[in-house]
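Chain and residue survey
Each chain, written out:
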Amino acid sequence: ASHTLMPTPKRGERSAAMVVPIGRDSAYNPPVELPSSSASNFFEEAAAGSAEEAECRRRFDRFATKPGNIGNEPDFLSFQDFTRLMEHYEASATSNLVTFFYAIDRNRDDKLDFQEFFLGSTAADPQTVHILNSFTGKERAAFTFDFYDANRSGFLELEEFQKVCKDCAIVSLDDAQLRRHTFDKAMELGLMQERRGRIMDEEQSFMPPSQSQFYEFISSERLRGTSRLFRFGKSLIKPPRHLRRLDGDDATTNDPSDEDSDWLGFDSEETPSSAAQDLETLLPYTDLLLAAPDSELELDSQKGLSEARNVASEVLKGLSHPSFKEMAPPADGSFALATADDICGLCNAAVEIMRDEDMVITDLSPPLKVFGALHGQLWDLLSHFKWHLPPVMDMCYGDIAYMRYLFLGDYCDRGSHNLEVLTILFALKVLNRDKVFLLRGHHENRHVNYHLGLREECVRRLGQVSGMEVYEQLNRTFEHMSLAALVLGKLLALGPGILPTSLHRIDQLKKYRKPLYLPHPLHQRPSEKAERLNEQVLLELFTPSDLLPPELGCSSEREGDHVKAFCAAQKLNIVVASRQIPPSGFAYDPASRLLRVCSCLNYCNLAVGNMAAILYIVLNEESDCAFTIRPKVLAAYGDSKDFLDGRPQTSQQNPSRWPLQERAPTPGRFREPKVHRHDPPGRQSLPVIHVLEDQAVATVEDGPVPLHFPVWAARVTPVSDADVGKSPFRSVSSRREAAES
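Please read these numbers as outputs of a predicted model, since none were measured by experiment.

Considerations on the overall build of the chain
Counting its regular elements, the chain contains 23 helices and 16 strands. Scored against the burial criterion, the 741 residues of the chain give a buried share of 57%. A separation of at least 24 residues holds for 72% of the contacts in the chain among residues at least 6 apart in sequence. With an accessible surface of roughly 31500 Å², the chain has 49% of that area assigned to carbon and sulfur atoms.

Looking at the packing of helix α2 (residues 50-63) against helix α3 (residues 79-88)
In helix packing, the relevant descriptors are the interaxial angle and the interaxial distance, both defined with respect to the helix axes. The geometry of α2 relative to α3 is characterised by a closest axis approach of 9 Å and an angle of 125° between their N-to-C directions. One finds that α2 runs oblique with respect to α3. In this structure, α2 crosses over α3, and the sense of that crossing is right-handed. In this structure, α2 uses R59, F60, R62 and F63 to contact α3, whose residues at the interface are D81, R84, L85 and H88.

Comments concerning the pairing of strand β4 (residues 368-371)
Each regular strand displays side chains that alternate between the two surfaces of the sheet. Of the two faces of β4, the one carrying L368 and V370 and the one carrying K369 and F371 are both buried. One ladder, built from four bridges, connects β4 with strand β5 (residues 404-407); its direction is parallel. Its bridge partner lying in β5, F371 is registered against F407. As paired strands, β4 and strand β12 (residues 612-619) are joined by four bridges and run antiparallel to one another.

Here's the deal with the packing of α3 against helix α4 (residues 97-104)
Interhelical geometry of α3 versus α4 gives an angle of 120° and a closest axis separation of 10 Å. Judged by the sense of rotation from one axis to the other, the crossing of α3 with α4 is right-handed. Side by side, α3 and α4 meet where F79, F82, T83, M86 and E87 of the first sit next to L97, V98, F100, F101 and I104 of the second. Along the lines of polarity and charge, the residues of the contact of α3 with α4 split into eight nonpolar, one polar and one charged.

Description of the packing of aromatic side chains
All chains considered together, the criterion is met by 22 aromatic pairs. When the centroid spacing of 5.2 Å and the interplanar angle of 50° are considered together, the rings of F100 and F230 count as tilted. Remark: F230 occurs in the loop between α10 (211-219) and α11 (308-316) and F100 occurs in helix α4; sequence separation between them is 130 residues. A relative accessible area of 3% places F230 in the buried class. For the ring pair F147 and Y148, a centre distance of 5.0 Å and an interplane angle of 75° mean the geometry is edge-to-face.

Quick look at empty space enclosed by the protein
This model, assessed by the stated rule, comprises seven cavities of 30 Å³ or more. Along the wall of the second largest cavity there are 15 residues; nearest its centre are L288, V448, P521, F542 and T543. Looking at side-chain class alone, the lining of the second largest cavity contains 10 nonpolar, five polar and no charged residues.

Quick look at α10
Residues F214, Y215, F217, I218 and S219 constitute the buried set of α10. Of the surrounding elements, those touching the buried residues of α10 are α6 (135-148) and α7 (158-168). Of the residues trailing α10, E221 is marked for its positive phi of about 60°.

Points about the confidence of the model for the chain
Mean pLDDT over the chain: 76, with 72% of residues reaching 70 or higher. For the chain, strand β2 (residues 20-21) is the element with the lowest average pLDDT, namely 31, and strand β6 (residues 436-438) is the one with the highest, namely 98. The low-confidence segment residues 1-35, where pLDDT is below 50, has 70 contacts with residues more than four positions distant or belonging to other chains.

Notes on the nonpolar core
Across soluble globular proteins, nonpolar side chains have a tendency to be buried as a group. Counting 57 residues, the largest nonpolar core has F407 and L474 as its most contacted members. Counting residues per element, this core draws most heavily on helix α14 (residues 418-431), at nine residues. Setting aside residues up to four positions removed in sequence, F407 forms contacts with F371, L374, L381, L425, V436, F437, L438 and L439. Membership of the second largest hydrophobic core comes to 54 residues, among which are A64, A103, F118 and A124.

Remarks on the state of the cysteines
Under the counting rule described, the total for this entry stands at zero disulfides. With no disulfide of its own, C347 lies 6.3 Å from the sulfur of C344, the closest cysteine sulfur. Here C598 is not cross-linked by a disulfide; its sulfur's nearest cysteine counterpart is in C600, at 3.6 Å. In this structure C598 comes out as buried when scored by relative accessible area, which is 0%.

Remarks on the pattern of salt bridges
Counted under the stated rule, the structure contains 25 salt bridges. R57 serves as the salt-bridge partner of D61, at 3.8 Å between the closest nitrogen and oxygen. Of this pair, D61 and R57 both sit in helix α2, four residues apart, roughly one helical turn. Overall, D61 belongs to the partly exposed group, its relative accessible area being 29%. Across the pair K163 and D167 runs a salt bridge whose closest N-O atoms are separated by 3.1 Å. Pair noted here: K163 and D167 are both in helix α7, with a separation of four residues, about one helical turn. Residue classification places K163 among the partly exposed residues on the basis of a relative accessible area of 39%. Salt bridges linked by common partners bring E55, R58 and R59 together as one network.

As for the side chain of D125
Looking at the secondary structure, you find D125 in the loop between α5 (114-123) and α6. One buried charged residue, D125, forms no salt bridge at all, with the nearest opposite charge on K238 at 5.2 Å.

Quick word on the sheet that holds strand β9 (residues 574-577)
Spatially, β3-β7-β8-β9-β11-β10 is the arrangement adopted by the six strands of the open sheet, whose pairing is mixed. Across the chains shown, the open sheet's two edge strands, defined by having one partner strand only, are β3 (360-364) and β10 (586-589). Sheet twist, expressed as the mean angle between neighbouring strand axes with direction ignored, is 20°.

Details of the pairing of strand β8 (residues 491-494)
Side chains of β8 alternate between two faces, with L491 and A493 and L492 and L494 buried alike. The pairing of strand β7 (residues 484-487) with β8 spans four bridges and is classified as antiparallel. When the bridges of β8 are listed, V487 appears paired with L491. Judged from the three bridges that link them, β8 and β9 form a sheet pairing that is parallel. Note on β9: the bridge partner recorded for A493 is V576.

A closer look at the environment of R455
Looking at the secondary structure, you find R455 in helix α16 (residues 454-462). You can call R455 partly exposed: its relative accessible area is 26%. The spacing of R455 and L474 is 19 residues in sequence and 9.9 Å in space, taken between C-alpha atoms. If we ignore the near neighbours within four places in the chain, the residues touching R455 are N449, Y450, M468 and Y471.

What about unusual backbone geometry?
Following P366, the chain continues into P367 via a peptide bond in cis, with omega recorded as 0°. Mapped onto the fold, P367 is located in the loop between β3 and β4. For the bond running from K514 to P515, omega is -5°, close enough to zero to count as cis. Following the sequence through the fold, P515 ends up in the loop between α18 (507-510) and α19 (529-542). Even without being a glycine, E221 presents a positive backbone phi close to 60°. Within the fold, E221 resides in the loop between α10 and α11. Looking at E221, the relative accessible area reads 42%, which means it is partly exposed. Of note, R593 is a non-glycine position whose phi angle comes to about 65°, a positive value.

Thresholds, definitions, all that
Residues numbered from 1 in each chain as written. Predicted model: local features only at pLDDT ≥ 70, side-chain atom pairs only at ≥ 80, totals over all residues. Heavy atoms only, no water. Helix = DSSP H or I, 4+ residues; strand = E, 2+ residues; numbered from the N terminus. Buried < 20%, exposed > 50% of the residue type's maximum accessible area, 1.4 Å probe, protein only. Contact = heavy atoms within 4.5 Å. Areas by Shrake-Rupley, 256 points an atom, 1.4 Å probe, with all protein chains shown as cover. Axes fitted to C-alpha atoms, helices over the stretch in contact; angles between N-to-C directions. Parallel < 35°, antiparallel > 145°, perpendicular 65-115°, else oblique. Left-handed = near helix turned anticlockwise from the far one by under 90°. Pairing = 2+ DSSP bridges. Nonpolar A, V, L, I, M, F, W, Y, C, P; charged D, E, K, R; others polar. Phe/Tyr/Trp six-rings, centres within 6.5 Å; stacked < 30°, edge-to-face > 60°. 1 Å grid on protein atoms, 1.4 Å probe; cavity = no way out; pocket = protein on both sides within 12 Å on 5 of 7 lines; lining within 4 Å. Points joined across faces, edges and corners; volume = space filled by probe spheres on them. pLDDT = per-residue confidence, 0-100. Core = buried A, V, L, I, M, F, W, Y, C linked by side-chain atoms within 4.5 Å. Disulfide = S-S within 2.5 Å. Salt bridge = Lys/Arg side-chain N within 4 Å of Asp/Glu carboxyl O. Lys, Arg positive; Asp, Glu negative; His and termini not counted.

In structure tokens:
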């Protein structure tokens with residue numbers, strides 16, 4: 001390949017495409033040939049050969065705009081293409097994408113051809129050497145200058161130079177220290193203009209350096225620490241370590257996600273993550289997802305069955321450690337909690353247990369913890385365990401000996417660690433068949449999870465063959481989950497999260513048999529009337545009403561008075577569902593007796609944000625209440641002051657713990673975005689719902705506790721390992737007590 005380089009334009013210049021080949025040209029010949037470099041050009045010195053170029057080309061082609069034969073224009077990356085590529089491979093903080101794009105765009109035409117992209121990706125690669133007076137030092141200095149030249153002036157203004165000083169510093173500096181350090185460095189480099197022998201005004205006396213001055217400072221080692229600057233978080237040119245050779249050939253399998261290298265440690269406070277996403281930037285979810293293809297695999301229902309309890313014990317032993325450190329996924333993105341065969345064994349064992357459970361579980365009684373949607377968010381699940389006791393047998397540390405657990409579905413899709421969450425939940429079910437109950441949610445449907453993340457994660461982290469086997473085993477397990485549960489005959493917990501108008505009686509759900517195969521709205525309908533009605537109930541339970549074709553005659557879900565009427569007819573006092581995303585993690589409407597709960601934080605990292613909650617249901621023998629429901633809320637805080645003042649961080653403030661989303665949320669997930677956006681929950685008290693013999697009333701308790709397990713450098717309140725309260729039924733008496741504990 002012919003590698004090219006564009007010289008940096010002078011101040012105010014939008015240069016034409018002057019292409020200069022890289023070689024022993026005087027413009028790039030290093031002034032001092034160091035013994036450590038005998039390379040003849042930049043790419044040789046950077047160890048970027050044909051394999052690296054091919055890998056970079058593969059990734060470039062995946063996201064590039066292809067103009068076709070119009071003017072023989074080559075493929076290119078627009079800024080939108082570049083953003084999607086960088087966020088897909090998690091190669092940089094989103095806040096740096098504009099500056100990376102400008103620095104790499106040497107032609108200044110607002111698009112990157114492959115040569116520009118390969119050159120920039122090589123210079124920014126975490127493993128590219130930085131030899132000061134050689135090719136890599138020269139090229140990286142030019143890219144670094146353009147990266148920090150935010151106003152495109154060709155000079156580093158004071159704020160830009162200050163950012164360079166901050167990122168070069170090996171210690172963290174507050175604002176006053178950074179300002180003093182910046183002017184001291186400017187004075188040292190001769191960038192401060194003196195008048196009458198002294199500096200009159202520091203800001204007015206600062207003389208912005210040009211690119212040539214900037215390189216001179218670096219090459220003379222007067223400006224140290226620049227080797228850390230202009231670096232991607234992950235390599236875009238190195239082939240993934242886990243790509244497998246096929247049949248002795250040099251061909252490799254293309255991993256869907258390419259989680260291929262170690263994470264680079266960043267010195268700044270920013271971490272590589274996806275910024276909060278706006279709904280308008282995502283593909284609209286206005287049409288039905290296509291029906292998933294039928295499985296062609298013959299699954300072994302006995303595989304791993306005999307060892308399932310041992311595997312479950314091994315998986316859950318990490319919950320007995322105060323920090324759950326053994327539960328953390330490896331940094332390289334691989335799956336280490338169990339093997340693919342182990343997951344199959346847990347699935348088979350869970351099927352053996354759940355196939356004997358009724359479609360509506362009716363023998364549940366308090367004390368009970370209820371979890372809403374988790375969506376593969378391992379850290380949120382562990383944070384709930386941390387604050388409110390994990391499901392382990394140790395009475396001093398866990399509560400499974402006397403507590404029941406009910407999960408309302410939506411365990412997978414959208415999140416980052418679907419396999420870990422499902423493995424933990426199935427292990428809990430295998431070891432605690434009468435204590436842990438798993439309902440089937442909207443995403444435990446192969447027509448949904450085929451498209452929204454579970455299948456892709458299985459293949460990416462387990463390989464094509466094992467991944468698809470695990471994916472099919474997981475869906476087979478979903479087909480044996482119950483649809484609902486009754487607590488003391490007064491509370492109905494719904495897995496799908498929708499109460500459709502076609503569902504008139506709870507007995508309608510009890511008629512379904514396991515395994516339950518869910519229909520797709522575009523499949524051919526049964527001819528018999530009774531079968532059509534049964535299928536219509538399933539369609540309305542598992543398909544958003546906004547997406548159902550009107551010719552099917554399906555109606556919308558119940559709301560308000562319709563829910564209240566259903567409760568009265570079925571002698572229920574309250575309905576609990578998990579489908580919608582309430583801003584405070586839960587939402588209770590006394591008029592309709594409907595309680596919503598979501599257990600994952602800042603769903604999909606959307607700008608509206610949300611807290612996460614679980615529900616405690618306890619008997620109340622000292623009053624007329626049948627039982628009491630206490631929401632326990634989880635939130636992320638910026639620091640201890642925010643925690644004490646009740647100011648949780650939103651998705652826009654907190655580094656994302658969700659992968660980049662391509663499709664908008666399912667219609668109906670957010671009902672009240674304005675309430676959340678303009679009135680974020682802070683110091684408000686949490687209602688406690690007292691379920692009486694014929695009604696449910698609410699009182700109040702204290703507010704949220706902080707997220708305990710951040711990912712990467714999510715800045716949250718540091719909290720000790722001490723439990724907030726010994727009793728799972730005791731609320732945190734105050735924010736300050738929680739912080740001091």
